[in-house]
Amino acid sequence: MSAPATFQDLKGKLRGELLTPADPGYDAARRVWNGMIDRRPALIARCTGAADVIQCVKFAREHNLPVSVRGGGHSVAGNAVCDDGLMIDLTRMKSVRVDPARRSARAEPGVIWGEFDAETQAFGLATTGGQISTTGIAGLTLGGGWGHLARKHGLASDNLLAVDIVTANAEFLTASATENEDLFWGLRGGGGNFGVVTSLEYRLHPVGPVLGGIVAYPFAKAKEVLKLYRELTAAAPDELASGLVLLSLPDGTPVTGVVVCYNGPIETGERLLKPLREFGPPLMDQIGPIPYTAAQKLIDAFYPTGLQSYWKSSFLRNISDEVIDIMVTYCAQRPTPLCHGLIEHQLGGAVSRFARDATAFPHRDVQYSFMSLGVSTGRAEIDSCARWASEFWEAMRPCSTGSVYVNYLGREADEGAERVKAAYGPQTYQRLVSLKNKYDPTNLFRFNQNIKPAA
């Protein structure tokens, strides 16, 4: 094809911008949160609505172009950006409409959780979102989506009421419990495998001020704090979400930190967290009553845009003494202060009360997720950080369930296709393959944690 003329043809059909490598703003548009990702699409379509998305899908099919889809958030694995193809950029699709009477909200896929929460909290409402306010709503939700409210109200995907999507044949569909039900099942955990989501409607819940914050102890007390954390979370009520991390503070001090968010009566939460706060003395204790929007930003500063980030993750059976020993051993020899290990206690509660096959997120019986994060400021250190994270993860494998949260998977080149299958398990994966055969048999949407069609 004659590239300039063809590009102009697509540009004339879009309300949004179409960028090529020669255009101002191209380099900024191709950058994502993870600084490791450095890819150069032939075209970046900065869509303003579903009509733009439809035109992009038609164009990609007609010209056999690789397609990647960028939502509003992180793209840790870098799947939002492709080399030499068309990047469908949804970051400018930012509308949020709250219906307080129905306790629902409809939002576009360029929205991040900080923006979504600001709108819903104006009415004293919220739904389960991520734990970092700069996370995109679409990517997190389509992968399952846990966060501070999951144990009380279920995953983000459990709170989906409807999704609008442009499929691989450029057809616009709505999926819900009563319309295209098979697709609705797959979208709640199956990621971006079935098309480009242009709108998501969520169920909302009353959420007022929470008891939230961070308490940190010297790294030398890591084993004791991990055991205390095990006790705290083993009997935790649905209202408590938490995570434990072994990392360094901005001044370089290595610590054992616990992040908490208690969504219930403040006095009850204070009694529950008293043993954690009185063990010590702590290096810092910032726990107190805060708005839910502030709870969503508690760890934002530890995850800024542009760092080189290599993640490995698995679900854990429990926090055994072996887990504790491995965590402390590896986090005592981190190659950079930014590298860290963490355990999240975000499942259980309401998450476990959904049927295992209710959605494409099947891990209803697990309690904890482990992550090793190799992080550096520059490329010179990332190889040693990635090696450390991989070795840490390997050491933890005997303690894991063998499965993983799909949103925490890295690049397929690092993870391998079998890890995607492990993220779903055999039955769920085969059901997703059947959906892929139906809605995207040529695998147009393959820049994701890919469910490969049978063909």
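Throughout this document, residue positions are counted from 1 along each chain, in the order its sequence is written. Given that this is a predicted model, residues contribute local features only at a pLDDT of at least 70 and side-chain atom pairs are listed and counted only at 80 or more, while totals for whole chains, interfaces and linings are drawn from all residues. Side-chain numbers here rest on the full set of heavy atoms in the structure, without hydrogens or water.

Focus on the sheet that holds strand β6 (residues 104–107)
DSSP-based pairing: two strands are paired if at least 2 bridges between them are found. Labels follow the DSSP assignment, with helices taken as runs of H or I lasting at least four residues and strands as runs of E lasting at least two, numbered in each case from the N terminus. Ordered in space as β5-β6-β10-β8-β9, the 5 strands form an open sheet in which the pairing is antiparallel. At either margin of the open sheet sits one strand with a lone partner, and together these are β5 (96–99) and β9 (172–176). When strand polarity is set aside, the average angle formed by the axes of neighbouring strands in this sheet is 15°. Sheet topology places strand β8 (residues 160–166) next to β9; 5 bridges connect them, and they run antiparallel. Among the inter-strand pairings, D164 is bridged to a residue of β9, identified as T174. Helix axes are fitted to C-alpha atoms over the stretch in contact, other axes to C-alpha atoms as well, and angles between N-to-C directions run from 0 to 180 degrees.

Here we look at the packing of helix α14 (residues 417–424) against helix α15 (residues 426–439)
Think of two packed helices as two axes; the pair is described by the angle between the axes and how far apart they sit. Orientation of α14 relative to α15, taken along the N-to-C sense of each, is 105°, at an axis distance of 6 Å. When the interaxial angle is binned, α14 and α15 end up roughly perpendicular. Contacts between α14 and α15 involve V420, K421 and Y424 on the former and, on the latter, P426, T428, Y429 and L432. Ten residues, namely Ala, Val, Leu, Ile, Met, Phe, Trp, Tyr, Cys and Pro, are considered nonpolar, four, namely Asp, Glu, Lys and Arg, are considered charged, and the remaining ones, Gly among them, are considered polar. Within the contact of α14 with α15, the residues separate by chemical class into 5 nonpolar, 1 polar and 1 charged. Here the word oblique covers every angle except those under 35 degrees (roughly parallel), over 145 (roughly antiparallel) and from 65 to 115 (roughly perpendicular). By the convention used here, residues are in contact when the closest approach between their heavy atoms is within 4.5 Å.

Focus on the environment of G243
Tracing the chain through its elements places G243 in strand β13 (residues 240–248). C-alpha separation for the pair G243 and C399, spaced 156 residues apart in sequence, amounts to 18 Å. Apart from residues no more than four positions distant in its own chain, G243 is found in contact with Y229, G257, V258, V259, I343 and E344.

A word on the nonpolar core
In these notes, a set of buried Ala, Val, Leu, Ile, Met, Phe, Trp, Tyr and Cys residues joined through side-chain atoms within 4.5 Å is what counts as a nonpolar core. Burial here depends on accessible area, computed with a 1.4 Å probe over protein chains only, as a share of the maximum for the residue type. Under 20% is buried, over 50% is exposed, and the range in between is partly exposed. The biggest cluster of nonpolar side chains holds 78 residues, and the ones touching the most others in it are F116, I137, W146, L183, L187 and Y424. The element that contributes the greatest number of residues to this core is α15, accounting for 5 residues. If we skip the residues at most four places from it in the chain, F116 touches V96, A105, A107, V111, T127, I137, Y202 and L204.

Thoughts on the packing of aromatic side chains
Here a pair means two rings of Phe, Tyr or Trp (six-membered ring of Trp) with centres within 6.5 Å. Their orientation is stacked below 30 degrees between planes, edge-to-face above 60, and tilted elsewhere. The tally for this structure, following the rule as stated, stands at 14 aromatic pairs. Sitting above the plane of the F184 ring, R188 keeps its charged end 4.0 Å from the centroid. Only when the NZ of Lys or the CZ of Arg is both within 6 Å of the ring centre and within 35 degrees of the ring normal is a charge said to sit over the ring.

Things to note about the environment of P281
The topology assignment puts P281 in the loop between α9 (266–278) and β15 (284–285). Distance from P281 to Y217, taken between C-alpha atoms, is 7.5 Å for residues 64 residues apart in sequence. Not counting residues within four places of it along the chain, the set of residues in contact with P281 comprises Y217, P218 and K221.

Overview of the pairing of β6
Sheet topology note: the β5/β6 ladder contains 4 bridges and is antiparallel. Residue pairing for β6: D99 is matched across the bridge by S104. A loop of 4 residues connects β5 with β6, the two strands running antiparallel in sequence, and R103 in this loop sits at a positive phi of about 50°. Looking at chain direction, β6 and strand β10 (residues 196–203) are connected through 4 bridges and run antiparallel. Pairing of R106 across the sheet is with E201, part of β10.

What to know about empty space enclosed by the protein
Put simply, the grid is 1 Å and covers the protein atoms alone, a cavity is a trapped set of points that fit a 1.4 Å probe, a pocket is an open set with protein on both sides within 12 Å along at least five of seven lines, and lining residues have an atom within 4 Å of a point. Grid points are joined across faces, edges and corners, and a volume is the space filled by probe spheres set on the points. Summed over the entire model, instances satisfying the criterion amount to 3 cavities of 30 Å³ or more. Around the second largest cavity, the lining residues are N34, M36, I37, V76, A77, S309, Y310, W311, G410, R411 and D414. No other element matches strand β17 (residues 308–316), which puts 3 residues into the lining of the second largest cavity. Counted by class, the lining of the second largest cavity contains 6 nonpolar, 3 polar and 2 charged residues.

Description of the pairing of β13
Counting buried positions along β13 gives 9 out of 9 residues, so the element sits mostly inside the fold. Residues L240, S242, L244, L246 and S248 point to one face of β13 and A241, G243, V245 and L247 to the other, with burial holding for every one of them. Relative to strand β14 (residues 254–262), β13 is paired through 9 bridges, and the arrangement is antiparallel. Looking across to β14, one finds that S248 is bridged to P254. Hairpin connection of β13 to β14: 5 residues between the antiparallel strands, including G252 at a positive phi of 95°. Summarising the sheet, β13 and strand β18 (residues 340–345) pair through 5 bridges and their orientation is antiparallel. Paired with G243 across the strands is E344, a residue of β18.

Focus: the layout of surface pockets
Size it by volume and the largest pocket reaches roughly 260 Å³. If you go around the largest pocket, you meet 17 residues; those closest to its centre are L247, S248, A301, F302 and L338. Put simply, the parts of the chain that give the lining of the largest pocket at least two residues each are β13 and β17. Residues that form the lining of the largest pocket fall into these classes: 13 nonpolar, 4 polar and no charged.

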